[in-house]
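Residue-level listing of the chains:
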Amino acid sequence: MRFLTRIPRPAVLLAAGLATALLGTVAALGPSAALTSAAPTPAVTATLPGDDNGDGRIEEDETGFDCHTMGNRLCGADVPPECEGAGAALELCVTVASRAPYGWENADGSRVDIPAGRAVVLGLDVKPGTTEFMAALDALDAEYREHAPRH
């Protein structure tokens, strides 16, 4: 009995397998794996509305930055130097530092006067950005809420 087709030789099968594997690898890795010597194309940076410096990103203090959706919860508030480095306590620090002086009279008739918020924050003996700083701000805020004049 005679076959109408020829049986492939092992070398032919090996070459076909290697070629298939190579093409599959190139396809999986994408165009960067192509075996060409084409010159690289320059990256194109899209100009975004509100990207004032044209670097392809809208960052804080650029006109396109939206503090409500992009992370800054202070939205235009001036951060006093006493709050620099406050980290997670920044919003509370700005709130405490922006308060006007206030005071109250205790039941025994003694008077307590609290200076303006910036002086209070400046007078803290803990370093901004620490858990102790956050605790001190929390205590000042609680004291204010308890004793501040009601309008």
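Up top you'll find the structure we're talking about.
Residues numbered from 1 in each chain as written. Predicted model: local features only at pLDDT ≥ 70, side-chain atom pairs only at ≥ 80, totals over all residues. Heavy atoms only, no water.

Enquirer: Which parts of the structure should I look at to understand the pattern of salt bridges?
Expert: Pairing is possible between side chains of opposite charge, provided their charged atoms come close. Under the criterion given, the structure shown has 5 salt bridges. Of the charged contacts, one joins Asp55 and Arg57 as a salt bridge, the two residues approaching to 3.3 Å between their closest N and O atoms. With its nearest N and O atoms 2.9 Å apart, the salt bridge here joins Asp141 to Arg145. One end of the pair is Asp141 and the other is Arg145, both in helix 4 (residues 131-147) and 4 residues apart, which spans about a single turn. Look at Asp141 and you get buried, because its relative accessible area is 10%. Given a relative accessible area of 53%, Arg145 falls into the exposed group. Taken together, the salt bridges that share partners define one network made up of Arg99, Asp141 and Arg145. (Salt bridge = Lys/Arg side-chain N within 4 Å of Asp/Glu carboxyl O. Helix = DSSP H or I, 4+ residues; strand = E, 2+ residues; numbered from the N terminus. Buried < 20%, exposed > 50% of the residue type's maximum accessible area, 1.4 Å probe, protein only.)

Enquirer: Just checking my understanding: could you explain the packing of aromatic side chains for this structure?
Expert: The description of an aromatic ring pair uses the distance of the two centres, along with the angle that the planes make with each other. Under the counting rule described, the total for this entry stands at 2 aromatic pairs. Taking the centre distance of 6.1 Å and the plane angle of 25 degrees together, the rings of Tyr102 and Trp104 count as stacked. Neither residue differs from the other here; Tyr102 and Trp104 are each classed as buried. Look at Tyr102 and Tyr144: their rings are 5.0 Å apart centre to centre, the planes differ by 85 degrees, and that puts the pair in the edge-to-face class. (Phe/Tyr/Trp six-rings, centres within 6.5 Å; stacked < 30°, edge-to-face > 60°.)

Enquirer: Help me out: how do you make sense of the pairing of strand 1 (residues 102-105) in this one?
Expert: Working note: regular strand, side chains alternate between the two faces of the sheet. For strand 1 and strand 2 (residues 111-114), the ladder comprises 4 bridges, and the chain directions are antiparallel. Across the sheet, the residue bridging to Tyr102 is Ile114, located in strand 2. Remark: 5 residues form the turn of the hairpin made by strand 1 and strand 2, two consecutive strands paired antiparallel; Gly109 in that turn has positive phi of roughly 95 degrees. (Pairing = 2+ DSSP bridges.)

Just geometry here; none of it tells us what the structure is for.
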